[in-house]
Amino acid sequence: MSSSLRAFAVVLFSLAVASNAHASWYDDYDQGVAAARSGNWSAVVSKMTSAIKGSPNENNKARTYGAIFINYHPYYYRGIGYLNTGKYEQAIADLERTSGPGEVDLGPIGTHLERAKRQLAAASEPAPEPIRPDPRPEPVRPVVTPPVPTAPQMDPNLRARASAALTAAKNKLQQAQGRRASTSPQYTQAMSLFSDATSRSSAARSNDDLNAVLSMAENVGDLADLAMPPAAPAPALPNQGTRPAIVTQTVLSDYERQLRFALENYFNGEFEDASRQFSELTRKLPDNGWIWAFLGASQYSQYAFEADDRYRQKALQSFNKAKRLRNWKGGLPEKYFSRRIRRAFQGQG
């Protein structure tokens, strides 16, 4: 094995045993959303306040960790929490600041804002004087039955598409289980999202609900494709204390450090940074097929998330270069590359 490949194996082993999942603001946000579902408004206010301290800006696609994105609107939920706990001024401030509901839609912002202002005005008015009874009898008025609102019509084709998307997402989760990736954070997130999508599909009452289920199911499939099994430990390198091994380590130390940063960004889902770093490494180590393979994988992941065909073309060129430099028996190893990337690699050249 060449010196560069031995150094590469050491970096992969170090990454395989590292853990990077820490509880953060998005945990508070998830717990706050769960409390909103159950109507525990004091818990909603507490959890959303903690989430805002960690991440104050709302975003329809807020990154939590790695390649995981959520619809992040804490001021919406905290405003409704304040409204339901009688803190109307705070509710108005949050509802005027929020840009929309999160994944659980509790009603239009304007409706809640109007209610908060009405309640605040009522609380500020003095108590009315008692009404003196009118000696004249109250006239009998006919009882008017309010009309029963009709249920919104749902598109049957949209319901069929949402059901098919859930089935496809379930199949991808089973494929991830088959490749022993059920312990990865991507698989855990995919399972949680799949459970939410299934529950929302069962309770769907509008086309908006079905569109949300469709989007959630597609995200489940993407996360399941990214789920990878734990990396096997790299074999110990012989004679690491010899003078040639020590000199090799010294010569390659700069490359090892840059390679580690690139791989950490790749496995954490920071594909734009990983692409830039692997591209720099191809200029320093132009004959290393592994570097070209990881560059192509980073570029193809950018294509998968941004749907920009320029990234796909770049990825295929990098894969073609990797194939010319190295004989990949059986293709790319599944412990480092997702099924989608391995399929794109196999189809190139």
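Predicted, not measured: the structure shown is a model, and the values here were computed from it.

Draft legend 1. Molecular detail of the pairing of strand β1 (residues 59-63). Pairing geometry for β1 and strand β2 (residues 69-72), over three bridges, is antiparallel. Across the sheet, Arg 63 pairs through a bridge with Phe 69, a residue of β2. Taking the residues between adjacent antiparallel strands as the criterion, β1 and β2 are bridged by five residues, where Gly 66 takes a positive phi near 60°.

Draft legend 2. Spotlight on the side chain of His 112. With respect to the helices and strands, His 112 occurs in helix α6 (residues 109-124). By relative accessible area, which is 12% here, His 112 ends up buried. Every residue in contact with His 112, bar those within four places of it in the chain, is listed here: Tyr 76, Ile 80, Leu 83, Leu 95, Leu 106 and Gly 107.

Draft legend 3. Inspection of the confidence of the model for the protein at higher detail. Mean pLDDT over the protein works out to 81, with 80% of the residues at or above the 70 mark. The least confident element of the protein is helix α1 (residues 3-16), whose mean pLDDT is 52; the most confident is helix α3 (residues 41-54), at 94. With pLDDT under 50 throughout, residues 13-22 is counted as low confidence; its partners more than four residues away or in other chains account for nine contacts.

Draft legend 4. Examining the packing of helix α13 (residues 289-306) against helix α14 (residues 309-325) more closely. Put simply, α13 and α14 touch, their axes get as near as 8 Å, and they point 160° apart. It follows from the interaxial angle that α13 and α14 lie roughly antiparallel. The element α13 and its partner α14 pack so that their crossing is left-handed. Packed against α13, whose contacting residues are Gly 289, Trp 292, Ala 293, Leu 295, Gly 296, Ala 297, Gln 299, Tyr 300, Gln 302, Tyr 303 and Glu 306, the element α14 presents Asp 309, Tyr 311, Arg 312, Lys 314, Ala 315, Ser 318, Phe 319, Lys 321, Ala 322 and Leu 325 at the interface. For the contact of α13 with α14, the residue count by class is 11 nonpolar, five polar and five charged.

Draft legend 5. Region of the structure containing the pattern of salt bridges. All told, the structure shown has 12 salt bridges when counted by the stated rule. With a closest N to O distance of 3.7 Å, Glu 114 and Arg 118 form a salt bridge. A residue pair is termed a helical-turn pair when its members lie 3 or 4 positions apart in one helix, as Glu 114 and Arg 118 do in helix α6 at four residues. Ionic pairing is found between Asp 225 and Arg 340, a salt bridge with its closest N-O pair at 3.1 Å. With Asp 225 in helix α9 (residues 207-226) and Arg 340 in helix α15 (residues 339-347), the pair connects residues that are 115 residues apart, well separated along the chain. By sharing partners, the salt bridges in this structure join Lys 172, Asp 225 and Arg 340 into a single network.

Draft legend 6. Seen up close, unusual backbone geometry. One non-glycine residue with positive phi stands out, namely Arg 180, at about 60°. Secondary-structure assignment places Arg 180 in the loop between α7 (156-178) and α8 (185-202). Owing to a relative accessible area of 57%, Arg 180 belongs among the exposed residues under this scheme.

Draft legend 7. Molecular detail of the nonpolar core. Residues Tyr 266, Phe 278, Phe 294, Phe 337 and Ile 341 are the most contacted members of the largest nonpolar core, which totals 28 residues. Elements supplying a minimum of two residues to this core: α11 (253-267), α12 (271-284), α13, α14 and α15. Here Phe 278 is in contact with Leu 259, Ala 262, Leu 263, Tyr 266, Ile 291, Phe 294, Leu 295 and Ser 298, once residues within four sequence places are set aside. Of all hydrophobic cores here, the second largest spans 25 residues; its members include Ala 62, Tyr 72, Tyr 76 and Tyr 82.

Draft legend 8. Layout of α13. Relative to the 26 Å expected for 18 residues at 1.5 Å per residue, α13 spans 26 Å between its end C-alpha atoms, a close match to the ideal helical length. Of all 18 residues that make up α13, 14 are buried, and the element is covered over most of its length. Its side-chain oxygen at 2.9 Å from the backbone nitrogen of Trp 290, Asn 288 defines the N-terminal cap of α13. Residue Ala 307 follows α13 closely and has a positive phi angle near 55°.

Conventions adopted
Starting from 1, residues in each chain are numbered consecutively following that chain's sequence as written. Local features in this predicted model are restricted to residues of pLDDT 70 or higher, and side-chain atom pairs are both shown and tallied only at a pLDDT of 80 or more, whereas totals for entire chains, interfaces and linings draw on every residue. Just so you know, side-chain values use all the structure's heavy atoms and leave hydrogens and water out. A pair of strands is considered paired only if DSSP assigns at least 2 bridges between the two. A run of H or I in DSSP counts as a helix once it spans at least four residues, and a run of E counts as a strand once it spans at least two, with each numbered from the N terminus. The buried label applies to any residue whose accessible area, calculated with a 1.4 Å probe on protein chains only, is under 20% of its type's maximum; exposed applies above 50%, and partly exposed to all values in between. Residues are treated as being in contact if the distance between any of their heavy atoms lies within 4.5 Å. A residue's pLDDT is simply how confident the predictor is in it, with values from 0 to 100. A fitted line through C-alpha atoms represents every axis, and for helices the fit uses only the stretch in contact; the resulting angles, taken between N-to-C directions, go from 0 to 180 degrees. Relative orientations are named as follows: roughly parallel for angles under 35 degrees, roughly antiparallel for angles over 145 degrees, roughly perpendicular for angles from 65 to 115 degrees, and oblique for any other angle. Crossings are assigned a handedness: left-handed for a near helix turned anticlockwise from the far helix by less than a right angle, right-handed for a clockwise turn. Side-chain classes are defined by residue name, with Ala, Val, Leu, Ile, Met, Phe, Trp, Tyr, Cys and Pro counting as nonpolar, Asp, Glu, Lys and Arg as charged, and the others, Gly among them, as polar. The term salt bridge refers to a pairing of a side-chain nitrogen on Lys or Arg with a carboxyl oxygen on Asp or Glu at a separation within 4 Å. As used here, the term nonpolar core means buried Ala, Val, Leu, Ile, Met, Phe, Trp, Tyr and Cys residues forming a set that is joined through side-chain atoms within 4.5 Å. Expected span of a helix, by definition, is 1.5 Å for each gap between consecutive residues, and there is one gap fewer than residues. Residues adjacent in sequence count toward polar contacts only when both atoms are side-chain atoms; beyond that, a polar contact is any pair of N or O atoms within 3.5 Å, and within protein one must be able to donate a hydrogen and the other to accept it.

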